[in-house]
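# Notes for the structure review
Okay, here's what each chain looks like letter by letter:
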Number of protein chains: 2
Amino acid sequence: MADIVTAAMIIIGDEILSGRTKDRNIGHLADIMTAIGIDLKEVRIVPDEEDEIVAAVNALRARYTYVFTTGGIGPTHDDITADSVSKAFGVPCEYDAQAYAMMEASYAARGMEFTEARKRMARMPRGASHIVNPVSLAPGFRIGNVHVMAGVPSIFQAMLDNVVPTLKTGAKLLSVTVHCPVGEGTIGGPLAEIQKRHPDTIIGSYPQYLDGKFSTELVVRARSPQALEAARAEVAAMVEGLAPTP
Amino acid sequence: MADIVTAAMIIIGDEILSGRTKDRNIGHLADIMTAIGIDLKEVRIVPDEEDEIVAAVNALRARYTYVFTTGGIGPTHDDITADSVSKAFGVPCEYDAQAYAMMEASYAARGMEFTEARKRMARMPRGASHIVNPVSLAPGFRIGNVHVMAGVPSIFQAMLDNVVPTLKTGAKLLSVTVHCPVGEGTIGGPLAEIQKRHPDTIIGSYPQYLDGKFSTELVVRARSPQALEAARAEVAAMVEGLAPTP
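Residues numbered from 1 in each chain as written. Chains lettered and ligands numbered in written order. Predicted model: local features only at pLDDT ≥ 70, side-chain atom pairs only at ≥ 80, totals over all residues. Heavy atoms only, no water.

## Let's talk about the overall build of chain A
What counts, and what does not: Secondary structure elements follow DSSP: runs of H or I no shorter than four residues count as helices, runs of E no shorter than two count as strands, and numbering proceeds from the N terminus. As defined in this context, the radius of gyration uses C-alpha atoms, and a globule is described by 2.2 Å times the residue total to the power 0.38. Only protein chains enter the calculation, and the probe is 1.4 Å; a residue is then buried if its accessible area is under 20% of its type maximum, exposed if over 50%, and partly exposed in between.
Each helix and strand in chain A was counted, giving 9 helices and 11 strands. Here chain A has a C-alpha radius of gyration of 19 Å; the compact-globule value for 246 residues is 18 Å, and the two agree. If one aligns the C-alpha atoms of chain A with their principal axes, the spans along those axes are about 55 × 50 × 35 Å. With 246 residues in all, chain A has 50% of them scored as buried.

Right, here's the structure in full:
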């Protein structure tokens, strides 16, 4: 039996504390940690203040196997996570050559200016390694046992999918997506029933509202391919059985 | 201008950290604090472990004007918030005579046994005062600057409504409820538009799923009666304009 592996989460952002943005990352991280056998032991939400971030990072990285942060790695002045984590580790925060070159090339290819604001997103603590961001390119990073990720849920989730295989006891988590053409209100009940029948899977529901119409991406995650397929088949059958929407 | 009033929140519960239950209280407290001019500065989620709860309560009650806790005040063995908060304040945790009598009478009136488990819910730190629970009777409590409330969102919200008028700079928050016979999926879009048009209100949406049918309670909160009525009227008009559900 492996040792107990523990984790803590730090959510960085005034917008969560003011209520303007509602957190959707705690539940996702909790589900994933549970699925791969890591005990999430504590979560803290802190404001965009360097002292607070440094204190939380240093308190939690000393106590737990892993720390995961979300938020504060965007291009604006109040995105101070990279500086704060650098300070917590006592290393300089500087442009990462690889991230800088990658982003410069990407903006050039799209005919967009690589502004000072965008360049901020290439900064990280000296010695950090990248966490790949397949959604919007600008990478997260890992330094020591601290993993620094985006606050936007879709980017956070994509980054976390890249982190999970690197973790101790990080059993590989498989996932498959079923597109559903209606909103959560219609499918919430049957989906909860499917989740109940498949306790060894994590079924996520990601609603979208575009052009006046709801749709939902249903993501099934599991460690076993058999469990994954059994739940996916039920989700797909439920979606196929929906009455056409007007 | 009043002094700055600050607050922290402590969410107590393994079920949030495991992902089994998704928190819905952070966003609500954040909204309410913002509306009444209190700065929510930190949130911590801690497990059902006495040392962790005591440490969080003592760290945060010393730093902030108010501390609000949710969770761990139910009837089961893992509900240890009352004991832990008592320990943090260095006072005994004991049956509150008034809470005990009120609950005893209520269970008797319903022909239900006042079990040892239920009696646990009448325990609180010596010297605490009640926070009325209009939903399920068993009160929360306040001791010093710490307010201890339920984790179930509807009970938490009802308790918080009773706490708000007692807070410094606690501007009175008015609220009105509009019943909506369909689920959130249908009304999410238009409701968001109404919220946008009424930034000085907080519009909450509380879905229910009963007997295979979704419905939603829409609660409008505002400090000004005029703002409240303007938003309420739009919400009511939206609900009245819905096509009948099959």
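The structure having been displayed, the exposition proceeds.
## Structural notes on the relation of the copies chain B and chain A
Rule in force here: Alignment of the copies relies on least squares applied to C-alpha atoms, considering only residues that score at least 70 for pLDDT in both. In what follows, residue pairs with any heavy atoms lying within 4.5 Å of each other are defined as contacts.
Once turned by 180° and shifted 0.1 Å along the axis, chain B lies on chain A with an RMSD of 0.2 Å. Taken together, these values place the two copies in the relation of a two-fold axis. Looking at chain B, 96% of its interface residues are interface residues in chain A too, so the copies touch through the same face.

## Looking at the packing of aromatic side chains
Inclusion rule: Here a Phe, Tyr or Trp ring, Trp counted by its six-membered ring, pairs with any other such ring whose centre lies within 6.5 Å, and the pair is stacked when the planes are under 30 degrees apart, edge-to-face when over 60, and tilted otherwise. In this scheme, the term charge over a ring applies when either NZ of a lysine or CZ of an arginine sits within 6 Å of the ring centre and within 35 degrees of the ring normal.
Inspection of every chain in the model, using the stated rule, returns 8 aromatic pairs over all chains. Where Y95(B) meets Y100(B), the ring centres are 5.5 Å apart and the plane angle is 75°; that geometry is what we call edge-to-face. When its relative accessible area of 41% is taken as the criterion, Y95(B) is described as partly exposed. Aromatic side chains Y100(B) and F114(B) sit 5.0 Å apart centroid to centroid with 70° between the ring planes, which places their arrangement in the edge-to-face category. Taken together, the positions of Y100(B) in helix α5 (residues 97-109) and F114(B) in the loop between α5 and α6 (116-120) put the pair 14 residues apart, joining distant regions of the chain. An aromatic cluster is built from Y95(A), Y100(A), Y107(A) and F114(A), whose rings are joined through pairwise contacts. Note that R61(B) overlies the ring of F89(B), its terminal NZ or CZ placed 3.8 Å from the centroid.

## Concerning the packing of helix α3 (residues 50-63) of chain B against helix α4 (residues 81-89) of chain B
All names here are of chain B. Condition: Fitting a line to C-alpha atoms yields each axis, with helices limited to the stretch in contact; the angle taken between N-to-C directions then spans 0 to 180 degrees. For this classification, under 35 degrees means roughly parallel, over 145 means roughly antiparallel, 65 to 115 means roughly perpendicular, and everything else is oblique. Here a crossing is called left-handed whenever its near helix is offset anticlockwise from the far helix by less than a right angle, and right-handed whenever the offset is clockwise. When residue character is reported, Ala, Val, Leu, Ile, Met, Phe, Trp, Tyr, Cys and Pro are called nonpolar, Asp, Glu, Lys and Arg charged, and the others, Gly included, polar.
Put simply, α3 and α4 touch, their axes get as near as 9 Å, and they point 50° apart. As summarised for this structure, α3 and α4 are arranged oblique, according to the angle between their axes. Crossing geometry of α3 relative to α4 is assigned as right-handed. In this structure, α3 uses E50, I53, V54, V57, N58 and R61 to contact α4, whose residues at the interface are D83, S84, V85, K87, A88 and F89. Each residue belonging to the contact of α3 with α4 can be placed in one class, and the counts come to 6 nonpolar, 2 polar and 4 charged.

## Some points on the pattern of salt bridges
All names here are of chain A. The condition that has to hold: Salt bridge, as used here, is a side-chain nitrogen of Lys or Arg placed within 4 Å of a carboxyl oxygen of Asp or Glu.
Applying the stated criterion across every chain yields a total of 22 salt bridges over all chains. When the shortest N-O distance is used, the salt bridge between K119 and E116 registers 3.3 Å. Placement of the pair is K119 and E116 together in helix α6 (residues 116-120), with a separation of 3 residues, close to one helical turn. A relative accessible area of 17% means that K119 is categorised as buried. Between R197 and E234 there is a salt bridge, with the nearest N and O atoms lying 2.6 Å from each other.

## Notes on helix α5 (residues 97-109) of chain A
Residues and elements named next belong to chain A. To be explicit about the condition: Multiplying one less than the number of residues by 1.5 Å gives the expected span of a helix. It is the directions from the helix axis to the C-beta atoms whose arc is reported.
The first and last C-alpha atoms of α5 sit 18 Å apart over 13 residues, in line with the 18 Å expected at 1.5 Å per residue. Every buried residue of α5 is accounted for by A99, M103, S106 and Y107. Seen along its axis, α5 keeps its buried residues to an arc of 95°; they face one direction. Across α5 from its buried face, at more than 90 degrees, point the exposed residues A97, Q98, A108 and A109. Where α5 is buried, its residues meet α6, β5 (123-125), β6 (129-133) and β7 (137-143). Looking one or two residues past α5, G111 carries a phi angle of roughly 65°, positive in sign.

## Things to note about the packing of helix α2 (residues 25-36) of chain A against helix α7 (residues 153-163) of chain A
Residue and element names in this part refer to chain A. With their axes 10 Å apart at the nearest point, α2 and α7 run at an angle of 20° to one another. As the angle between them shows, α2 and α7 are arranged roughly parallel. The element α2 and its partner α7 pack so that their crossing is right-handed. Here N25, H28, L29 and I32 of α2 lie close against α7, whose contacting residues are P153, F156, Q157 and L160. Of the residues belonging to the contact of α2 with α7, the class tally is 5 nonpolar, 3 polar and no charged.

## Quick notes on the interface of chain B and chain A
Operational definition: Once two parts are joined, some of their accessible surface, as seen by a 1.4 Å probe, is lost; buried area is that loss totalled over both. The definition of a polar contact used here is a pair of N or O atoms within 3.5 Å, where within protein one atom must be able to donate a hydrogen and the other to accept one, and adjacent residues in sequence count solely through side-chain atom pairs. When DSSP locates at least two bridges between a pair of strands, those strands are taken to pair.
Chain B puts 28 residues into the contact, and the matching count from chain A is 27 residues. Around 2200 Å² of area is buried between chain B and chain A when both sides are counted, 51% of it from carbon and sulfur atoms. The interface formed by chain B and chain A includes 6 salt bridges. A salt bridge links K41(B) to E49(A); the shortest N-O distance between them is 2.6 Å. Run the count over chain B and chain A and you get 10 residue pairs in polar contact (both at pLDDT 80 or more). Breaking the side of chain B that touches chain A down by element, the ones donating at least two residues are α1 (14-17), α2 (25-36), β2 (39-46), α3 and α8 (184-197) of chain B. Residue composition of the side of chain B that touches chain A, by class: 13 nonpolar, 7 polar and 8 charged. Relative to β2(B), strand β2 (residues 39-46) of chain A runs antiparallel, the two being bridged by 3 bridges.

## With respect to the pairing of strand β1 (residues 6-12) of chain A
Residues and elements named next belong to chain A. For β1, a buried count of 7 out of 7 residues is recorded, marking the element as mostly surrounded by other parts of the structure. Here β1 shows a buried face lined by T6, A8, I10 and I12 and a second buried face lined by A7, M9 and I11. Taken together, the 7 bridges between β1 and β2 define a ladder with parallel strand orientation. Considered in β2, the bridge of A7 is made with L40.

## Some words on the sheet that holds β2(B)
Read across the sheet, 12 strands follow the order β6(A)-β7(A)-β8(A)-β3(A)-β1(A)-β2(A)-β2(B)-β1(B)-β3(B)-β8(B)-β7(B)-β6(B) without closing on themselves; strand pairing throughout is mixed. Looking along the sheet, the strands with just one partner apiece sit at the ends: β6 of chain A together with β6 (129-133) of chain B. On average, each strand axis in the sheet is tilted by 20° relative to the strand beside it, whichever way the strands run. Together, β1, β3 (66-70), β7 and β8 (146-149) of chain A form the strand contacts of helix α4 (residues 81-89) of chain A, whose direction differs from that of β7(A) by roughly 15°.

## A few points about the domain arrangement of chain A
All names here are of chain A. Stated precisely, the cut-off is as follows: What fixes the domain bounds is an automatic or database domain assignment.
You can read the domains of chain A as domain 1 (6-166) and domain 2 (174-240). On a C-alpha basis, the centres of domain 1 and domain 2 stand 28 Å from each other. The interface of domain 1 with domain 2 comprises 8 residues on the first partner and 4 residues on the second. Taken together, both faces of the contact between domain 1 and domain 2 bury some 530 Å²; the carbon and sulfur share is 51%. Taken together, domain 1 and domain 2 are joined by 0 salt bridges. Our count for the domain 1 to domain 2 interface comes out at 1 residue pair in polar contact (both at pLDDT 80 or more). Elements that contribute at least two residues to the side of domain 1 that touches domain 2 include exactly α2 and α7. Per element, the largest residue contribution to the side of domain 1 that touches domain 2 is 5 residues, and it comes from α2. In the side of domain 1 that touches domain 2, the residues fall into 3 nonpolar, 3 polar and 2 charged.

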